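# Structural characterization, general
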Amino acid sequence: SDDPTGRRALGTLNNCAMGFTPWGTYLACEENFNGYFRKNAAQTNLEKRYGITAAGFGYLWHTTDKRFRVDEEPNEPNRFGWVVEIDPFRPHSTPVKRTALGRLKHEGAWVQETRRGHVVVYMGDDEQFEYIYRYVSNLPWRRARRMGINPLDDGVLYVARFNADGTGEWLPLTPSNPALAGWTLTDILINTRGAADAAGATKMDRPEWIDTFPRELTAIATLTNNSRRGTGTNPGVDAANPRTPNPYGHIIRWRYRHDW
């Protein structure tokens, strides 16, 4: 109700880690935003998927601001969980949430420029059994900016699937993916976790920081831990997550090609 148009960011919270772009802006990543909200009534599937509960993290924001009482403001959590672009060279500019990069509990957003000038943004969703993502701009970033297009608004979001034989593939999170038939792009970007579930991505042991080594065409991702792998009905070990339980985490490395 504070913004019926749904077009204003109205703040950012729980920013974790970072990234930076070739054009000199800074990326702040909203992570565990769910803990600021309280929901006493029955949860929707979307709220369950992102951890909106009656307990929260004990911050008590809901006691002074109705925005954080989800029973009254059911769409308010959807404002959070994004990568926020900040321009340090324009200190009076308004930061922008780049929604094309998906809504999840971002640990970071590492930007790699390709051989032909496109940008690739690697992201981890920092929770047990969540996913590794990448975003690829449609145009080389210099051309996009000359055309008045932000490269982080015009591209395709993917999620990683790691195969048993050591190969892998990036699954597109788009309405044209047959696994996402019936999903709109809006559905995918607001419920990126659910879209990744439907696409068949590999559930990881808390993906956190990701870095790239362009000379070697190699990327690494740090996986923090997973005490639940292989317990109850949870997934067991796989090629990318080889230990159960996994209290100490591990590092996964893959080779990539950025010919475009």
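Scope of this entry: the structure provided in the associated data block. Bear in mind that the values here come from a model prediction, so they are computed numbers and not experimental data.

The next point concerns the overall build of the chain. For the chain, the count of helices and strands is four helices and 14 strands. In summary, the chain has a C-alpha radius of gyration of 18 Å against a globular reference of 18 Å for 260 residues, a match within 12%. Taking the principal axes of the C-alpha coordinates as reference, the chain spans close to 50 × 50 × 35 Å. The proportion of buried residues among the 260 residues of the chain is 48%. Counted over contacts in the chain with a minimum sequence separation of 6, partners at least 24 positions apart contribute 56%. Surface exposure of the chain reaches about 12700 Å², of which carbon and sulfur atoms provide 52%. The chain carries 33 positive and 30 negative side-chain charges, and their two centres are separated by 3 Å.

Tracing the sequence through the fold places proline 242 in the loop between strand E13 (218-223) and strand E14 (250-255). According to the relative accessible area criterion, proline 242 is partly exposed, its value standing at 48%. Sequence separation between proline 242 and glutamate 31 is 211 residues; the distance between their C-alpha atoms is 26 Å. Not counting residues up to four positions away in its chain, the partners in contact with proline 242 are Val237 and His250.

Bridge count between strand E8 (residues 132-137) and strand E9 (residues 155-162): five bridges; the pairing is antiparallel. By the bridge assignment, tyrosine 135 is partnered in E9 with leucine 157. Hairpin remark: E9 followed by strand E10 (residues 168-172), antiparallel, with five residues in the connecting loop; positive phi at glycine 166, about 90°.

Take the packing of aromatic side chains next. Per the counting criterion, the structure on display carries 16 aromatic pairs. Between tyrosine 122 and tyrosine 256 the ring centres are 6.4 Å apart and the planes differ by 50°, which places this aromatic pair in the tilted class. In this pair, tyrosine 122 sits in strand E6 (residues 119-124) while tyrosine 256 sits in the segment after E14, placing the two residues 134 residues apart along the sequence. For the pair tyrosine 122 and tyrosine 256, one class covers both residues: buried. Through a chain of ring-to-ring contacts, the aromatic side chains of Tyr36, Phe37, Phe57, Tyr59, Trp61, Phe68 and Phe80 assemble into a single cluster. Stacked on the ring of tyrosine 50, the Lys or Arg arginine 103 has its end atom at 4.3 Å from the ring centre. Note that arginine 193 overlies the ring of tyrosine 50, its terminal NZ or CZ placed 5.2 Å from the centroid.

Thresholds applied
Residues numbered from 1 in each chain as written. Predicted model: local features only at pLDDT ≥ 70, side-chain atom pairs only at ≥ 80, totals over all residues. Heavy atoms only, no water. Helix = DSSP H or I, 4+ residues; strand = E, 2+ residues; numbered from the N terminus. Rg over C-alpha atoms; globule rule 2.2 N^0.38 Å. Buried < 20%, exposed > 50% of the residue type's maximum accessible area, 1.4 Å probe, protein only. Contact = heavy atoms within 4.5 Å. Areas by Shrake-Rupley, 256 points an atom, 1.4 Å probe, with all protein chains shown as cover. Lys, Arg positive; Asp, Glu negative; His and termini not counted. Charge placed at Lys NZ, Arg CZ, Asp CG, Glu CD. Pairing = 2+ DSSP bridges. Phe/Tyr/Trp six-rings, centres within 6.5 Å; stacked < 30°, edge-to-face > 60°. Lys NZ or Arg CZ within 6 Å of the ring centre and 35° of its normal.

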